[in-house]
Amino acid sequence: YLDKPVLYFAVSAAIIELLGPSELAARLPSLFFTLGTLGILGWFARKWFGAEGAWVAVIATATSPLTLGFARTAIFDSALTFFVVVALVGFYEAVERQNGRTAERPSAWGWAALAWAAMGLGILTKGPIALALPLLVALPYAWLRGSSRAIWQPAGPLLCIALVLPW
């Protein structure tokens, strides 16, 4: 696709180079991104809702038709989903640290930088939708929690730009 960014193609090419040109090699990136999404989701749910909540979240997500379809198909959507989930988790953690709900490391700016980096990699995967989706969720949430500063740490947008600009 000439209209799609390069990251998913690069990951696919690396796996095909490693395993040889096969159907399995072409489909593995989608599976790996889906497993990564389930891992992030499980970690997040366990932290905030306990072990039972984590199992429910992971099983419900893993067995949904779109998740199953994306994990098996050589398309960009599993990678986009991974980066959007990482961005949303990063912004949530940044807002909660800004509000003092948790004092764990890294600080709010570290989580916000992770979110912006994930959005940058998402842009390199499927385009501007990877910027729009997380911000459409995170900005109203941060505003309602009185922590908009947590999202707009200067290093975050600069990191996103630095990742996307070379492309």
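One structure accompanies this document, and this report is about it. Please read these numbers as outputs of a predicted model, since none were measured by experiment. (Residues numbered from 1 in each chain as written. Predicted model: local features only at pLDDT ≥ 70, side-chain atom pairs only at ≥ 80, totals over all residues. Heavy atoms only, no water.)

Before going further, it helps to examine the overall build of the chain. When helices and strands are counted, the chain shows 8 helices and 0 strands. Against the 2.2 N^0.38 benchmark of 15 Å for 167 residues, the chain shows a C-alpha radius of gyration of 17 Å, consistent with a compact globule. In terms of overall dimensions, the chain has a C-alpha envelope of 50 × 40 × 25 Å along the principal axes. For the chain, buried positions account for 43% of its 167 residues. Put simply, 69% of the contacts in the chain that link residues at least 6 apart link residues at least 24 apart. Element-wise, carbon and sulfur atoms account for 72% of the exposed surface of the chain, whose accessible area totals about 9,200 Å². (Helix = DSSP H or I, 4+ residues; strand = E, 2+ residues; numbered from the N terminus. Rg over C-alpha atoms; globule rule 2.2 N^0.38 Å. Buried < 20%, exposed > 50% of the residue type's maximum accessible area, 1.4 Å probe, protein only. Contact = heavy atoms within 4.5 Å. Areas by Shrake-Rupley, 256 points an atom, 1.4 Å probe, with all protein chains shown as cover.)

Within the element layout of this structure, Gln-153 appears in the loop between α7 (148-151) and α8 (155-164). A polar side-chain atom of Gln-153 sits 3.2 Å from the main-chain carbonyl oxygen of Arg-149. (Polar contact = N/O pair within 3.5 Å; in protein donor to acceptor, adjacent residues only side chain to side chain.)

With that out of the way, let us pick up the packing of helix α1 (residues 7-19) against helix α2 (residues 23-62). At a minimum axis separation of 8 Å, α1 and α2 run at an interaxial angle of 125 degrees. Our classification of the angle between α1 and α2 gives oblique. Crossing handedness for the pair α1 and α2: right-handed. Of the residues in α2, those in contact with Tyr-8, Val-11, Ser-12, Ile-15, Ile-16 and Leu-19 of α1 are Ala-25, Ala-26, Leu-28, Pro-29, Ser-30, Phe-32 and Phe-33. Considered class by class, the residues forming the contact of α1 with α2 number 11 nonpolar, 2 polar and no charged. (Axes fitted to C-alpha atoms, helices over the stretch in contact; angles between N-to-C directions. Parallel < 35°, antiparallel > 145°, perpendicular 65-115°, else oblique. Left-handed = near helix turned anticlockwise from the far one by under 90°. Nonpolar A, V, L, I, M, F, W, Y, C, P; charged D, E, K, R; others polar.)

Further remarks concern the nonpolar core. Counting residues in each nonpolar core, the largest one holds 36 residues, and the members touching the most others are Phe-91, Trp-116 and Ile-151. With 13 residues, the single largest contributor to this core is helix α4 (residues 77-98). Ignoring sequence-local partners within four residues, the contact set of Trp-116 consists of Phe-91, Leu-131, Leu-135, Ile-151, Trp-152, Gly-156, Pro-157 and Cys-160. (Core = buried A, V, L, I, M, F, W, Y, C linked by side-chain atoms within 4.5 Å.)

This paragraph deals with α2. An ideal rise of 1.5 Å per residue puts 58 Å on 40 residues; α2 reaches only 22 Å between its terminal C-alpha atoms. The largest bend in α2 is about 145 degrees, located at Phe-49. (Expected span 1.5 Å × (residues − 1). Bend = angle between axes of the 7 residues up to and from the residue.)

So, about the packing of aromatic side chains. The description of two aromatic rings rests on the distance between their centres and on the angle between their planes. Tallied over the full model, the rule gives 11 aromatic pairs. Centroid distance Phe-33 to Phe-82: 5.8 Å. Interplanar angle 50 degrees. Geometry classified as tilted. Of this pair, Phe-33 sits in helix α2 while Phe-82 sits in helix α4, and the two are 49 residues apart along the sequence. Overall, the relative accessible area of 19% leaves Phe-82 in the buried class. (Phe/Tyr/Trp six-rings, centres within 6.5 Å; stacked < 30°, edge-to-face > 60°.)

On to the pattern of salt bridges, then. In the structure shown here, the tally under the stated rule is 5 salt bridges. In this structure, the salt-bridge partner of Glu-96 is Arg-145, at a minimum N-O distance of 2.9 Å. Residue Glu-96 is found in helix α4, and its partner Arg-145 is found in the loop between α6 (129-144) and α7; the two are separated by 49 residues along the sequence. A relative accessible area of 0% means that Glu-96 is categorised as buried. With a relative accessible area of 35%, Arg-145 lands in the partly exposed category. (Salt bridge = Lys/Arg side-chain N within 4 Å of Asp/Glu carboxyl O.)

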